[in-house]
Amino acid sequence: MPARPIYAPAPREIAAAINAALGISGQVFSLQNAGSSPTFRVDDETQLFVKLVSPERWRELREAEMIARWLEDHGAPAIAARDLQPPQLPDGQLVVVYPFATGRPPHASLDAGALGTGIARVHSALNYHPDVADWMERTEDRINHLVGIRAALASGEIACGPRPDELRSFAGDRSISFLPGAHGSGAPRPLHGDLNIFNLVIDGAIARFIDFEDVVHSTLSVENDLALVCERVILVQEPDDTVAAKSIDILLDAYVEAGGHPLNRKAMAGVLIGLSLRSLCTLATIDPRGGDVAEWNKFFTLIEAAHRRRQVFG
C-alpha cells in the first residue's frame, strides 16, 4: 500500500538547479519516501512533480511517456511527462516534469466504478495505437523467454529464490498458466500491464493512470489487467469476500458499460495465479539468489491468496 508522501525542503543547491533548469523560481520540496529516483514537488504558479533521472534511465522511460502523451491526446485518463525533451542539470541528470496529481490512492469499494471506467478508456485508446503490431511481437518474445525459465525451474535445471522447492512445484503445476488466452480468457489486446495501486490516482471521481513502461510487452487478454487491479486494489484492502465480490462486480460492470473489451469473469482467478507465477519467473532472471526475500515472498503469498479467495470472481 502507498504511504502518505513525506516532503521536506530540498537542499538549496538542488532547489536552485531545478529552478534554473525550468526557468522558474518555485519552492522545491524533496519527497522523503520516494523510490529510486530523486523526486520533488515544486510550488510555482502551479504545482509540479519532478523526477531527476539519468540519461540512460530516460532512454527507457521516454517510450512510456510517449505512450502516455498519446493516450492523453486521445482522451484517455493518463498522466504524462510535460516535456519529452527535458532540460538537463550540470551533473547530467534530466529534469522530468509532470503535472502534480492532487489525488489519492484508490479505495477498494468507493472507487471500483471509477477504476473500471478508466481502464476501459485506456484499453479502448491503446487498441488504436500505431505500434500495436510491434507490441505484439515484443509480448511474444517476453512470454517465450519466461516459458523457457519456467521449464528450467520445473525440471530442476535451475533453482532460484529463497524457496526453490516451492517454486519448482509451482512451475511444474500445469494447471497454472500465464499464456495469452489461458483459462478461457479473451484474445490478446494492448494493456497497461502494471495496474498496481502505485500506478493509479483517484482525482475527484476520475481514475488516472501513470507508468506505461509495461505496455510494450503487454498485448494480452484484458483479464490480465482486470484481475491484477482487482487483486491489488480490492482483495489486498478488503478481507471480507462478500464485500470484495461486490466491489469486483461494480468494477467489471463499469468496465463493460464504458466500452471495455469482452471479458470472461470465470477466467480471472486462474489468470491471477498465472500472473504471480510469471512474476516469480521474472524474479528468477533478475534475482536468482533470492536477495530480495520480501519481493519473492509477496508473490508466493499472492498465489496462496488467489487460490484461497478465488470464489470472489464468481
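Scroll up to find the structure this text is about.
Worth saying up front: this structure is predicted, and the values here are computed from it rather than measured.

## Re the overall build of the chain
Right, so step 1: Helix and strand counts for the chain stand at nine helices and nine strands.
Right, so step 2: Computed over the C-alpha atoms, the radius of gyration of the chain is 20 Å, within 12% of the 20 Å expected from 2.2 N^0.38 for a compact globule of 314 residues.
Right, so step 3: Across the 314 residues in the chain, those meeting the buried criterion constitute 48%.
Right, so step 4: A fraction of 69% describes how many contacts in the chain between residues 6 or more apart in sequence connect residues 24 or more apart.
Right, so step 5: Carbon and sulfur atoms form 52% of the exposed surface of the chain, whose accessible area is close to 14700 Å².
Right, so step 6: Between the mean site of the 29 positive side-chain charges and the mean site of the 40 negative ones, the chain shows a separation of 3 Å.

## Some thoughts on the packing of helix α5 (residues 164-172) against helix α9 (residues 293-308)
Right, so step 1: Packing of α5 against α9 brings their axes to within 12 Å, and their N-to-C directions diverge by 45°. Of the possible angle classes, the one that applies to α5 and α9 is oblique. As α5 packs across α9, the resulting crossing turns out to be left-handed. Residues E166, L167 and F170 of α5 form the contact with α9, whose own contacting residues are W296, F300, I303 and E304.
Right, so step 2: In the contact of α5 with α9, the residues fall into five nonpolar, no polar and two charged.

## Some words on empty space enclosed by the protein
Right, so step 1: Inspection of the entire model under this criterion finds one cavity of 30 Å³ or more.
Right, so step 2: A volume near 50 Å³ is recorded for the largest cavity.
Right, so step 3: S177, F178, L179, P180, A182, S185, N224 and V271 are the residues that line the largest cavity.

## A look at the pairing of strand β2 (residues 27-31)
Right, so step 1: Of all five residues in β2, four are buried, a share of seventy percent or more.
Right, so step 2: Alignment of strand β1 (residues 7-9) against β2, held across three bridges, turns out to be antiparallel. For P9, the partnering residue across the bridge sits in β2 and is F29.
Right, so step 3: Where β2 and strand β3 (residues 39-43) come together, four bridges link them in antiparallel fashion. Within β3, the position partnered with S30 by the bridge is F40.

## Some words on the sheet that holds β3
Right, so step 1: Strand order in the open sheet formed by five strands is β1-β2-β3-β4-β5, and the pairing between neighbours is antiparallel. Of all strands in the sheet, those with a lone pairing partner are β1 and β5 (94-99), marking the two edges. Neighbour-to-neighbour, the strand axes of this sheet turn through a mean angle of 35°, independent of strand direction.
Right, so step 2: Looking at chain direction, β3 and strand β4 (residues 47-53) are connected through five bridges and run antiparallel. Counted as the bridge partner of D43 is Q47 from β4.

Reading guide: rules and limits
- Residues numbered from 1 in each chain as written.
- Predicted model: local features only at pLDDT ≥ 70, side-chain atom pairs only at ≥ 80, totals over all residues.
- Heavy atoms only, no water.
- Helix = DSSP H or I, 4+ residues; strand = E, 2+ residues; numbered from the N terminus.
- Rg over C-alpha atoms; globule rule 2.2 N^0.38 Å.
- Buried < 20%, exposed > 50% of the residue type's maximum accessible area, 1.4 Å probe, protein only.
- Contact = heavy atoms within 4.5 Å.
- Areas by Shrake-Rupley, 256 points an atom, 1.4 Å probe, with all protein chains shown as cover.
- Lys, Arg positive; Asp, Glu negative; His and termini not counted.
- Charge placed at Lys NZ, Arg CZ, Asp CG, Glu CD.
- Axes fitted to C-alpha atoms, helices over the stretch in contact; angles between N-to-C directions.
- Parallel < 35°, antiparallel > 145°, perpendicular 65-115°, else oblique.
- Left-handed = near helix turned anticlockwise from the far one by under 90°.
- Nonpolar A, V, L, I, M, F, W, Y, C, P; charged D, E, K, R; others polar.
- 1 Å grid on protein atoms, 1.4 Å probe; cavity = no way out; pocket = protein on both sides within 12 Å on 5 of 7 lines; lining within 4 Å.
- Points joined across faces, edges and corners; volume = space filled by probe spheres on them.
- Pairing = 2+ DSSP bridges.

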